[in-house]
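Okay, here's what each chain looks like letter by letter:
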Amino acid sequence: MPSLERPDESTLFLKIVQKNTLCSSASLLALYEQAVFCEKRRMAGDYVECGVWKGGSAGLLALVNLRYGSSRRHLHMFDTFDSGKAANTVAEQGGEAVVKGTDDLARSRLMILRGLHAHPEIHATVNDCRELIEKTIGYDPAYAHYHEETFETAVPAVAGEISKIAILKIRAEKCVATRSCLSHMFDKIMKGGFLVIDSYGACEKCKDTIDEFLASQPKPCFLNKVDDTTRYVVVV
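Thresholds, definitions, all that
Residues numbered from 1 in each chain as written. Predicted model: local features only at pLDDT ≥ 70, side-chain atom pairs only at ≥ 80, totals over all residues. Heavy atoms only, no water. Helix = DSSP H or I, 4+ residues; strand = E, 2+ residues; numbered from the N terminus. Buried < 20%, exposed > 50% of the residue type's maximum accessible area, 1.4 Å probe, protein only. Contact = heavy atoms within 4.5 Å. Salt bridge = Lys/Arg side-chain N within 4 Å of Asp/Glu carboxyl O. Arc of directions from axis to C-beta. Core = buried A, V, L, I, M, F, W, Y, C linked by side-chain atoms within 4.5 Å. Axes fitted to C-alpha atoms, helices over the stretch in contact; angles between N-to-C directions. Parallel < 35°, antiparallel > 145°, perpendicular 65-115°, else oblique. Left-handed = near helix turned anticlockwise from the far one by under 90°. Nonpolar A, V, L, I, M, F, W, Y, C, P; charged D, E, K, R; others polar. Pairing = 2+ DSSP bridges. Right-handed = clockwise from strand over helix to strand, strands pointing away.

Turning next to the overall build of the chain. Across its full length, the chain carries 8 helices and 9 strands. In the chain, which comprises 236 residues, the share counted as buried stands at 56%. Within the chain, residue pairs in contact and separated by at least 24 positions form 76% of the contacts whose partners lie at least 6 positions apart.

For the rest of this paragraph, the subject is the pattern of salt bridges. Tallied over the entire structure, the rule returns 10 salt bridges. Across the salt bridge formed by glutamate 5 and arginine 6, the nearest N and O atoms sit 3.0 Å from each other. Relative accessible area serves as the criterion here: at 64%, glutamate 5 is assigned to the exposed category. Between glutamate 33 and arginine 6 there is a salt bridge, with the nearest N and O atoms lying 2.6 Å from each other. On the criterion of sequence distance, the pair formed by glutamate 33 in helix H2 (residues 25–40) and arginine 6 in the segment before helix H1 (7–17) is long-range, its members being 27 residues apart. Take glutamate 33: its relative accessible area is 28%, and that puts it in the partly exposed class.

Taken together, the buried positions of helix H6 (residues 151–159) are Phe151, Ala154, Val155, Val158 and Ala159. The buried residues of H6 occupy an angular sector of 120 degrees when projected down its axis, which confines them to one face. Elements in contact with the buried residues of H6: strand S1 (46–50), strand S2 (75–79), strand S5 (144–148) and helix H7 (175–185).

Residues Tyr32, Tyr47, Leu60, Leu75, Met77, Ile133 and Ile167 are the most contacted members of the largest nonpolar core, which totals 36 residues. Of all the secondary structure elements, the ones that give two or more residues to this core are H1, H2, helix H3 (56–68), S2, helix H5 (126–136), S5, strand S6 (165–170) and strand S7 (189–197). With residues near it in sequence (within four places) discarded, isoleucine 167 still touches Leu31, Gln34, Ala35, Cys38, Asp46, Tyr47, Val48, Leu61, Phe194 and Val196. Grouped together as the second largest cluster of nonpolar side chains are 27 residues, Val48, Val155, Ile162 and Phe186 included.

Running from amino to carboxyl end, H7 crosses helix H8 (residues 204–215) at an angle of 25 degrees, the nearest separation of the two axes being 9 Å. Classified by the angle between their axes, H7 and H8 sit roughly parallel to one another. The two elements H7 and H8 meet at a crossing, and its hand is right-handed. Touching Cys175, Thr178, Arg179, Leu182 and Ser183 of H7 are Lys205, Cys206, Thr209, Ile210 and Phe213, all from H8. Split by residue class, the contact of H7 with H8 holds 5 nonpolar, 3 polar and 2 charged.

What follows concerns the pairing of S1. Counted residue by residue, S1 has 5 buried out of 5 residues, so it is predominantly covered. Looking at chain direction, S1 and S6 are connected through 5 bridges and run parallel. Counterpart to aspartate 46 in the pairing with S6 is isoleucine 165. Taken together, S1, H3 and S2 form a β-α-β motif whose crossover is right-handed.

Of note in the backbone geometry, arginine 42 takes a positive phi value of approximately 55 degrees without being a glycine. Inspection of the secondary structure assignment puts arginine 42 in the loop between H2 and S1. One non-glycine residue, tryptophan 53, lies in the positive phi region at around 55 degrees. On the secondary structure map, tryptophan 53 appears in the loop between S1 and H3. Classification of tryptophan 53 by relative accessible area gives buried; the value is 10%.

So, about H7. Those residues of H7 that fall on the buried side of the exposure criterion are Cys175, Ala177, Thr178, Ser180, Cys181, Leu182 and Met185. Turning to H7, the residues buried within the fold contact S1, S2, H6, S6, S7 and H8.

We now examine the packing of H1 against H3. The geometry of H1 relative to H3 is characterised by a closest axis approach of 9 Å and an angle of 140 degrees between their N-to-C directions. It follows from the interaxial angle that H1 and H3 lie oblique. The way H1 lies across H3 gives a crossing that is right-handed. Residues Glu9, Phe13, Leu14, Ile16 and Val17 of H1 pack against Gly56, Gly59, Leu60, Leu63, Val64, Arg67 and Tyr68 of H3. Grouping the constituent residues of the contact of H1 with H3 by class yields 8 nonpolar, 2 polar and 2 charged.

As structure tokens, this is what we get:
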């Protein structure tokens, strides 16, 4: 279902990025609306995504910024891509990752994959992201930052360079990776900004990690449901 206010635009934007994402249409549409909200209100802060795959969600954020933003935002993308490092999307269950692809979400089917990026059907590289974001979409490369390392290594190292966040999107099925993203980035989200958890229903242990972290915050954090795996919090 397209945006009720901007059906043609939202449909076009989702079509541009659909081959570069594992997210459902519902998840992408929610992200589109969140980004439009941030841009129209001139909210300060970068867009940060932990768990990028081929850059579809990041590309959607770039499209919205180009359409509604008064200036370019820094777009930080964290992933191992094809670097050969331990995949940050492997669940802590015998080295297997439980992932829902776009079509699989619609049909409620699970794919069980051993090493996400190594799987031939969904192999991804950092060049896939660059091709979409810089060439297809035309986002200024000076504002597109690709952090090719595990979350546990890259997020703490880069966190000091990011002072404000408008949208933080996390897709990680390792508890330690999830915890690293939240502990180093959550406090940087602006009031009225968004925390998007795109793998909430994919790993029970990670779900518990997220719930425990949010419960420890001084202000209540309500998890809004988008689909089987996606939740978001409006930071207050």
